[in-house]
Amino acid sequence: MSTSNAIPEGRHDNKRKGNGSRPDGEFRRALLAGAFALALLLPSAAFAEEPVPAVAPGKAAVTAVDNLLITTPPPPPNVRKPVLSWGTGNGKSYWIPAVEILGFEALLNGYGRIFDPDLVDEKYSEGHKVYSVTPSTIWRHLTKGPWGFDGDSFQINQIQHPYQGAVYQGFARSAGIGFWESSAYTFLGSFVWEVAGETTKPSINDQVASGIGGSFLGEPLFRLASLVLEDGGDNPGFWRELGAAVLSPPTGFNRLAFGDRFKGVFPSHNPATFTRLRLGTSLTDHVAGISNVPVDRTEVTGDYSLSYGLPGKKGYTYDRPFDYFHFQFTAVSGRSAFENIMTRGLLFGKKYEAGDDYRGVWGLYGSFDYISPQVFRVSSTALSLGTTGQWWLSRAIALQGSALGGIGYGAGGTVRASEDRDYHYGGSVQGILTARLIFGDKAMFDLTGREYYISGFGSTQQDGSERIFRGNASFTVSVYKRHALGIEYVMSNRDASSSNVPNSHQTVGTWSIAYNFLGDSRFGAVEWRPAVIEGR
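Per chain, residue numbering runs from 1 following the sequence as it is written. In keeping with the model being predicted, local features are shown solely for residues with a pLDDT of at least 70 and side-chain atom pairs are shown and tallied solely at 80 or more, while totals for entire chains, interfaces and linings include all residues. The basis for every side-chain value is the complete set of heavy atoms in the structure, and neither hydrogens nor water enter the calculation.

Some details on the overall build of the protein chain
- Helix and strand counts for the protein chain stand at 9 helices and 12 strands.
- Among the 536 residues that make up the protein chain, the fraction classed as buried is 57%. Only DSSP runs of H or I with at least four residues qualify as helices, and only runs of E with at least two residues qualify as strands; both kinds are numbered from the N terminus onward. A simple rule labels every residue: compare its accessible area, found with a 1.4 Å probe on the protein chains alone, to the largest value its type can have, and call it buried under 20%, exposed over 50%, or partly exposed in between.

Structure, rendered in structure tokens:
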């Protein structure tokens, strides 16, 4: 689609202590259901233009290797038909999401009043029942605060609160509002909950996780739901409507509650995408350092990842936030339940090229990460400068990758078998480097390195720090069309220091083998070069 057709966008704990929003069990079941809904995207996910051979390399040996690596003909391109009524006229509302967010928060508070009416937190709610909000507690929070840090578990603060913010984002986006305006709804919705949702003191960490991290998590979920609906044409069937509702419940609610008013689907503009669903088993063969909880040596794993808006697609632009993003979710059968939820998206950016064989995009990215390799965990909401690109090394071999570095606000710590807070917050510095080497339609090799430094800045524990590194290496081989097998090794390291706790070092190493279902038989390589060889 040309630029002229683009539509502009303007705790493991069962008992919680502090600003929680919903029970762990229900939340886990909801997110696990979302993993199954993602499968609806896979059959039609091969949107990256399949490579067609360009000018043959000069050396006969390289040509021969390329011929061996490409044996399947490119399928017809999948072109989505946009539904252009989204966000225009009666398909857009500023009042409806505002009422929905307030209503959602009222339901959360009512749920707490009914099912946990006597919950009192002596430290954070000053002896008041947590959900017994009154005009006087609201006024005190507004005028005096004091804003601080709560004592909720890591999962409540770093998964449930960002997901709560994602719900706010979804209400606004599915009502036809652009990303930045919806982000304002998310931030204000989080503020209202901190002030009027509970009697606990307003929490800085929750405001960041819900108000900002919620937008960075909610936008990919909204776009995933929109892809499911868009692939269904003018009249998505029951299963696509259900899948979209599981991925983004606010989107499903608005489509059901308001009939045709919000039936318009957000236009994707036909991005180049690559999806991968992995199902397998893992073996943790190396654990070093202090472990306060039992380690599940073997686990069943499920992983879904989507790269959306890969550089190189002809006619595709990056005019809207998250026109490029990468999303990954991993669930395990062990006590961790969620090993990681990670997303990064381009907020402001510009595409560029170098010669005939390289295409890229660079700019400012927003990210939300949650990583929990059994014995410790880290989470971060951040802004980073960086680039994403693809380089054709030969006619059949391509190298894709990203390099980002930035600052944010994070949390990190070891895992303890108690309800006491076992982590600390602080300003963070982080970076990520990824590389994917694609060998035609035969195989791909992935490398990813992430590092987080969580300081004592902006924290009650100013002398503490966390340095966490996570590296992934995997090799995937095509078996038949979009079916593949892969092996992966993940190494996670944590070094922490504090005046109250001796310096600690923890390491976890895990092997996994998995069946892969791919959204693209060419592993997502985007083709923009002219075709010079016919009949392939």
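Let's talk about the packing of helix α7 (residues 204–230) against helix α8 (residues 238–247)
- Closest axis-to-axis distance for the α7/α8 pair is 8 Å, and the angle between their directions is 180°. Comparing their axes, α8 and α7 come out roughly antiparallel. Residue-level inspection shows L221, L224, A225, V228 and L229 of α7 in contact with α8, the latter providing R240, E241, A244 and L247. Fitting a line to C-alpha atoms yields each axis, with helices limited to the stretch in contact; the angle taken between N-to-C directions then spans 0 to 180 degrees. Oblique is the label for any angle not covered by the other classes, which are roughly parallel (under 35 degrees), roughly antiparallel (over 145) and roughly perpendicular (65 to 115). By the convention used here, residues are in contact when the closest approach between their heavy atoms is within 4.5 Å.

Observations regarding the sheet that holds strand β1 (residues 273–288)
- A strand pair is defined by DSSP finding two or more bridges across the two strands. The strand order around the closed barrel formed by 12 strands is β1-β2-β3-β4-β5-β6-β7-β8-β9-β10-β11-β12, and the pairing between neighbours is antiparallel. Each strand axis lies, on average, 20° off the axis of its neighbour in the sheet, ignoring direction.
- Where strand β7 (residues 397–414) and strand β8 (residues 424–439) come together, 16 bridges link them in antiparallel fashion. Among the inter-strand pairings, G408 is bridged to a residue of β8, identified as S428.
- Along the sheet face, helix α5 (residues 154–173) touches β4 (338–354), β5 (358–371), β6 (376–392), β7 and β8 and points at about 135° away from the line of β5.

What about the packing of aromatic side chains?
- Centres within 6.5 Å make a pair out of two Phe, Tyr or Trp rings, where for Trp the six-membered ring is used; the pair is then stacked when the planes are under 30 degrees apart, edge-to-face when over 60, and tilted otherwise. Across all of its chains, the model carries 24 aromatic pairs by this definition.
- Aromatic pair F149 and Y425: ring centres 6.1 Å apart, planes at 25°, arrangement stacked. Of this pair, F149 sits in the loop between α4 (135–143) and α5 while Y425 sits in strand β8, and the two are 276 residues apart along the sequence. When sorted by exposure, F149 lands in the same class as Y425, which is buried.
- Taking the centre distance of 5.7 Å and the plane angle of 45° together, the rings of F154 and Y370 count as tilted. Placement of F154 in helix α5 and of Y370 in strand β5 is noted, with a sequence separation of 216 residues between them. Accessibility classification places F154 together with Y370 in one group, the buried group.
- Three or more aromatic residues joined by ring pairs form one cluster here, namely F179, W180, F216, Y308, F322, F325 and F348.
- Over a ring means this: the NZ of a Lys or the CZ of an Arg is within 6 Å of the ring centre and within 35 degrees of the ring normal. We note R529 situated over the ring of W392; from NZ or CZ to the ring centre the distance is 3.9 Å.

Side note on α5
- Take the residue count of a helix, subtract one, and multiply by 1.5 Å to get its expected span. Compared with the 28 Å implied by 1.5 Å per residue over 20 residues, the 28 Å span of α5 between its first and last C-alpha is a close match.
- Throughout, the bend at a residue refers to the angle made by two axes, fitted to the seven residues ending there and to the seven starting there. Where α5 bends most, at Q160, the angle is about 25°, and the proline P162 comes one to four residues later.
- Counting buried residues along α5, 20 of its 20 residues qualify, which places the element largely inside the surrounding structure.

Here we look at unusual backbone geometry
- The omega torsion of the bond from G145 to P146 falls at -15°, within 30 degrees of zero and hence cis.
- Topologically, P146 is positioned in the loop between α4 and α5.
- Phi angles above zero are rare outside glycine, and H269 is one such case at about 65°.
- Along the chain, H269 falls in the loop between α9 (249–257) and β1.
- Its identity as a non-glycine residue notwithstanding, F322 has a phi of 70°, on the positive side.
- Along the chain, F322 turns up in the loop between β2 (298–308) and β3 (325–332).
- The class for F322 is buried, based on a relative accessible area of 0%.

A word on the confidence of the model for the protein chain
- Confidence of the predictor at the level of single residues is given by pLDDT, which spans 0 to 100. Chain-level pLDDT for the protein chain is 84 on average; 82% of the residues reach the 70-or-more range.
- When mean pLDDT is compared element by element in the protein chain, β5 scores highest at 97, while helix α1 (residues 24–37) scores lowest at 51.
- Long-range and interchain partners of residues 1–23, a stretch whose pLDDT sits below 50, account for 83 contacts in this model, where long-range means more than four residues apart.
- This model gives residues 532–536 a pLDDT under 50, and the stretch forms 13 contacts once residues within four places in sequence are excluded.

Regarding the pattern of salt bridges
- In the sections that follow, a salt bridge refers to a side-chain nitrogen of Lys or Arg positioned within 4 Å of a carboxyl oxygen of Asp or Glu. Tallying each qualifying case throughout the model produces 18 salt bridges.
- Linking D323 and R223 is a salt bridge whose minimum nitrogen-to-oxygen distance equals 3.0 Å. Remark: R223 occurs in helix α7 and D323 occurs in the loop between β2 and β3; sequence separation between them is 100 residues. Across the pair, R223 and D323 agree in class, each one buried.
- Notably, a salt bridge pairs D446 with R276, separated by 4.0 Å at the nearest N-O pair. With D446 in strand β9 (residues 443–454) and R276 in strand β1, this residue pair connects regions lying 170 residues apart in the sequence.

A word on the environment of A196
- Counting through the fold element by element, A196 comes out in helix α6 (residues 179–196).
- Each C-alpha atom of the pair A196 and L142 lies 8.9 Å from the other, and the pair is 54 residues apart in sequence.
- Once residues within four sequence positions are removed from consideration, A196 is found in contact with V133 and I138.

Observations regarding the nonpolar core
- Buried residues of nine kinds, namely Ala, Val, Leu, Ile, Met, Phe, Trp, Tyr and Cys, make up a nonpolar core once their side-chain atoms join them within 4.5 Å. Ranked by internal contacts, the top residues of the largest apolar core, which has 67 residues, are L217, L221, L224, L306, F327 and Y370.
- It is α7 that provides the largest number of residues to this core, a total of 9 residues.
- Ranked by size, the runner-up nonpolar core spans 9 residues in total, among them V375, F376, I454 and V508.

Focus: the environment of D118
- Here D118 shows up in the loop between α3 (95–115) and α4.
- A relative accessible area of 56% means that D118 is categorised as exposed.
- Along the sequence, D118 and K129 sit 11 residues apart, while their C-alpha atoms lie 6.0 Å from each other.
- Polar contact is defined as a pair of N or O atoms within 3.5 Å, subject to the rule that within protein one atom must be able to donate a hydrogen and the other to accept it, and that residues adjacent in sequence are counted only when both atoms are side-chain atoms. Within polar-contact distance, the side chain of D118 engages the side chain of K129 at 3.4 Å.

Quick word on the side chain of S203
- Tracing the backbone shows S203 in the loop between α6 and α7.
- Among the polar contacts made by the side chain of S203, one reaches the side chain of N205 at a distance of 2.7 Å.

Here we look at the pairing of β8
- In this structure, β8 lies alongside β9, joined through 12 bridges in antiparallel fashion. When the bridges of β9 are listed, S428 appears paired with I454.

Quick word on the packing of α5 against α7
- Between α5 and α7, whose axes approach to 6 Å, the crossing angle comes to 55°. Judged on the interaxial angle alone, α7 and α5 are oblique. Crossing of α5 over α7 shows right-handed handedness. Here N157, H161, P162, Y163, G165, A166, Q169 and R173 of α5 lie close against α7, whose contacting residues are N205, D206, A209, S210, G214, S215, L217, G218, E219, L221, F222 and R223.
- Looking at the contact of α5 with α7 residue by residue, the class counts come to 7 nonpolar, 9 polar and 4 charged. By definition, any crossing whose near helix is turned counterclockwise from its far helix by less than a right angle is left-handed, and any crossing with a clockwise turn is right-handed. In this classification, Asp, Glu, Lys and Arg are treated as charged, Ala, Val, Leu, Ile, Met, Phe, Trp, Tyr, Cys and Pro as nonpolar, and every other residue, Gly included, as polar.

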